[in-house]
Amino acid sequence: MGRALVSVVELGGYPDFSELYRRLGYEPVTVNAGRRALSVIRDAQPAALVAEFNFQRDFRDRTSGLETLLALVQRFPDCRVVVFYEPADSKPLERLRARFPNFQALPRPVDAAALEAALID
């Protein structure tokens, strides 16, 4: 079995990259909710996490639910993290990066070659 890659698809709107993940030696696990991703990450201790930055203006103390996931994967220092984001949300994304600097951000539409480069050892 390959190394685990947790893909959190809450909004979607981009291709299914499962075959790309497998080609790179990952065993993808896709979840559709951040809360579900927390337990999967704890159990799988993934080599990679691919998630979406879903900026939520109504949060007072955070920018998105992604913060909880990023805090958890800090326990796994070798875990690669890739975040998909809307270019219009680049300023709130930078606030998130100030707290959690160890992720690669890819704008939508997601470029498969850029995703592959972010996931290669």
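Refer to the structure presented above.
Each chain has its residues counted from 1, running along the sequence as written. Totals for whole chains, interfaces and linings use all residues, but because this is a predicted model, local features are given only for residues with pLDDT of at least 70 and pairs of side-chain atoms are given and counted only at 80 or more. The side-chain figures draw on all heavy atoms in the structure; neither hydrogens nor water molecules are used.

With that settled, consider the overall build of the protein. Secondary structure is summarised from DSSP: a helix means a run of H or I of at least four residues, a strand means a run of E of at least two, and numbering begins at the N terminus for each. The helix and strand tally for the protein stands at 5 helices and 5 strands. Start at the N end of the protein and walk to the C end: the helices and strands fall as β-α-β-α-β-α-β-α-β-α. Rg of the C-alpha trace for the protein: 13 Å, near the compact-globule value of 14 Å for 121 residues, within the 12% margin. Dimensions along the principal axes, computed over C-alpha positions, put the protein at roughly 40 × 30 × 25 Å. Counting over 121 residues, the protein shows a buried share of 47%. Restricting the calculation to C-alpha atoms gives the radius of gyration, and the globule rule supplies 2.2 Å times the number of residues raised to the power 0.38. Remark: exposure states derive from per-residue accessible area (1.4 Å probe, protein chains only) relative to the maximum for the residue type, with buried under 20%, exposed over 50%, and partly exposed in between.

Within the element layout of this structure, Asp-43 appears in helix H2 (residues 34-44). Since its relative accessible area comes to 67%, Asp-43 is described here as exposed. Linking Asp-43 and Pro-107, residues 64 residues apart in sequence, is a C-alpha distance of 29 Å.

Here the amide bond leading from Arg-108 into Pro-109 is cis, since omega sits at -5°, within 30 degrees of zero. Mapping Pro-109 onto the fold places it in the loop between strand S5 (104-107) and helix H5 (112-119). In this structure, Gln-45 takes a positive phi of about 45° despite not being glycine. Among the structural elements, Gln-45 can be located in the loop between H2 and strand S3 (48-52).

Strand pairing in a sheet relies on backbone hydrogen bonds, with the paired strands running either antiparallel or parallel. Here, a strand pair is defined by DSSP locating no fewer than two bridges between the strands. An order of S2-S1-S3-S4-S5 is seen for the 5 strands of this open sheet, with the pairing classed as parallel. Both outer strands of the open sheet, strand S2 (26-31) and S5, are each paired with one neighbouring strand and no more. Sheet twist, expressed as the mean angle between neighbouring strand axes with direction ignored, is 20°. Contacts between H2 and the sheet are confined to strand S1 (3-8), S2 and S3, with S1 contributing the most and set at about 170° to the helix. Fitted lines through C-alpha atoms serve as axes, helices being fitted only where they are in contact, and the angles separating the N-to-C directions of these axes extend from 0 to 180 degrees. Residue contacts are defined here by distance: any two heavy atoms, one from each residue, within 4.5 Å place the two residues in contact.

Attention now goes to the nonpolar core. The tendency in soluble globular proteins is for nonpolar side chains to be buried side by side. Buried residues of nine kinds, namely Ala, Val, Leu, Ile, Met, Phe, Trp, Tyr and Cys, make up a nonpolar core once their side-chain atoms join them within 4.5 Å. With 26 residues, the main nonpolar core has Ile-41 and Leu-49 as its most contacted residues. Elements with a minimum of two residues in this core: S1, H2, S3, helix H3 (66-73), strand S4 (80-85) and helix H4 (90-99). Among the elements that make up this core, the one with the highest residue count is H3 (5 residues). Ignoring any residue separated from it by four or fewer positions in sequence, one finds Ile-41 in contact with Val-6, Pro-46, Leu-49, Leu-69, Leu-72, Val-73 and Phe-76. Within the second largest apolar cluster, 17 residues are counted, among which are Tyr-14, Phe-17, Ala-48 and Ala-118.

What follows is about the pattern of salt bridges. Only one rule defines a salt bridge in this text: a Lys or Arg side-chain nitrogen within 4 Å of an Asp or Glu carboxyl oxygen. Scanning the entire structure with this criterion turns up 6 salt bridges. One salt bridge connects Glu-19 with Arg-22, and the closest N-O pair in it is separated by 3.1 Å. Of this pair, Glu-19 and Arg-22 both sit in helix H1 (residues 18-23), 3 residues apart, which is roughly one turn of that helix. For Arg-22, a relative accessible area of 40% puts it in the partly exposed group. Ionic pairing is found between Arg-108 and Glu-52, a salt bridge with its closest N-O pair at 3.6 Å. Remark: Glu-52 occurs in strand S3 and Arg-108 occurs in the loop between S5 and H5; sequence separation between them is 56 residues. On the accessibility criterion, Arg-108 (15% relative accessible area) is buried. Connected via shared salt-bridge partners are Glu-52, Glu-86 and Arg-108.

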